[in-house]
Amino acid sequence: MSLPPDGHVHTEWSWDTVTGSMIGSCEQALELGLPSVAFTEHADLTPWLIPEPVRPLLPDHFRVRLRPDGVLEPPDLDVAGYLACVEECRSRFPSLRILSGVELSEPHWHRPRADALLAAHDFDRVLGSVHSLPEGGHHHELTLVSGRPPGEILRAYLGEVLGLVESTAGFAVLAHIDYALRSWPGEGPPFVAADFEEEFRTVLRALKASGRALEVNTKVPLPGEVVRWWFEAGGEAVAFGSDAHEPGLVGHGFAEAAALVESCGFRPGRTPHDFWRR
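Residues numbered from 1 in each chain as written. Predicted model: local features only at pLDDT ≥ 70, side-chain atom pairs only at ≥ 80, totals over all residues. Heavy atoms only, no water.

**Thoughts on the pairing of strand β10 (residues 213–217)**
Part 1 of the reasoning: The buried count for β10 comes to five of five residues, which makes it a mostly enclosed element.
Part 2 of the reasoning: Side-chain alternation along β10 places A213, E215 and N217 on one buried face and L214 and V216 on a second face that is also buried.
Part 3 of the reasoning: With two bridges connecting them, strand β9 (residues 173–174) and β10 associate as parallel partners. Each residue of the ladder has a partner; that of V173, found in β10, is A213.
Part 4 of the reasoning: Each parallel crossover has a hand, and for β9 linked through helix α6 (residues 197–210) to β10 it is right-handed.
Part 5 of the reasoning: When β10 meets strand β11 (residues 237–241), the two strands line up parallel, connected through four bridges. Paired with N217 across the strands is G241, a residue of β11.
Part 6 of the reasoning: Handedness of the crossover joining β10 and β11 through helix α7 (residues 224–232) is recorded here as right-handed. (Buried < 20%, exposed > 50% of the residue type's maximum accessible area, 1.4 Å probe, protein only. Helix = DSSP H or I, 4+ residues; strand = E, 2+ residues; numbered from the N terminus. Pairing = 2+ DSSP bridges. Right-handed = clockwise from strand over helix to strand, strands pointing away.)

This is the structure in structure tokens:
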């Protein structure tokens, strides 16, 4: 089976990685035989309150973003520098189709900023995502939320994802519907998808109504039930994303993800660069 395109890759232009490389990611994509890659750099629009015990443990490139009150404020994406690098890689790797892109974090909470960014730049691929939850007058990055049962966090997360999907924010693909599972504790009761079936199905029905695509993110393998529920909801399109923050993870787990998606009823699109469709 030919591998699908990787529609969710971060490079040195995403503020949260020091191991990213656009050139290295292109080389990895070519080595794997991927038809195309989309560099969807972070446009994180929400400041996060970092719990005090966690602050000294943050890597340096996170701690330099901390305000005195413990709020981490992500920087704006250097779009001009990023797009220049995209053009350089397109020239350097003519056999690889390279898409420009952006991952908008909570754009439904920040419509003026998100809309202005999209109006100023014609990105090829726009992802919409939720990375944080509101609590106590602040927002908390999901993997740093503590003191709440994991099932409660997942339900709260899916509620915020529903708000994103039901909004008219400008994005084409819902990224990592399972982001909250990245912090599911290894000890204690395991995650069981069926326990959250109605919450997932509610989001997927709204996603279908919006006309957007569902991303199968391979950073933490998406539960197969969710892909099947997407097909049963009438979902039209599936995108694949490694969420790689370093070149070696581009296309990670794509053979297994493609087999899963195909088993649920989706097929490669009309071209190798297209979404997979029902």
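**Some words on the UniProt feature "domain: PHP" (unreviewed entry) in the chain**
Part 1 of the reasoning: As recorded in UniProt, the feature "domain: PHP" (unreviewed entry) lies at residues 6–218.
Part 2 of the reasoning: Taken as a whole, residues 6–218 contains 33% helix and 22% strand, while its terminal C-alpha atoms sit 10 Å from one another. (UniProt positions renumbered as here; feature names shortened; annotations may be inferred.)

**Side note on the side chain of S105**
Part 1 of the reasoning: Topologically, S105 is positioned in strand β5 (residues 97–105).
Part 2 of the reasoning: Look at S105 and you get buried, because its relative accessible area is 0%.
Part 3 of the reasoning: Separated by 2.8 Å, the side chains of S105 and E106 make a polar contact.
Part 4 of the reasoning: Those residues within four positions of S105 in sequence are excluded, and the remaining contacts are A43, D44, L45, T46, H110, S129 and H131. (Polar contact = N/O pair within 3.5 Å; in protein donor to acceptor, adjacent residues only side chain to side chain. Contact = heavy atoms within 4.5 Å.)

**Observations regarding the packing of α6 against α7**
Part 1 of the reasoning: Where α6 contacts α7, the two axes come as close as 9 Å, and the packing angle between them is 45°. Considered as vectors, α6 and α7 are oriented oblique to each other. In the crossing of α6 with α7, the sense of the turn from one axis to the other is right-handed. Along the contact surface, α6 presents E197, F200, R201, L204, L207 and K208, while α7 presents V226, R228, W229, W230 and E232.
Part 2 of the reasoning: Split by residue class, the contact of α6 with α7 holds six nonpolar, no polar and five charged. (Axes fitted to C-alpha atoms, helices over the stretch in contact; angles between N-to-C directions. Parallel < 35°, antiparallel > 145°, perpendicular 65-115°, else oblique. Left-handed = near helix turned anticlockwise from the far one by under 90°. Nonpolar A, V, L, I, M, F, W, Y, C, P; charged D, E, K, R; others polar.)

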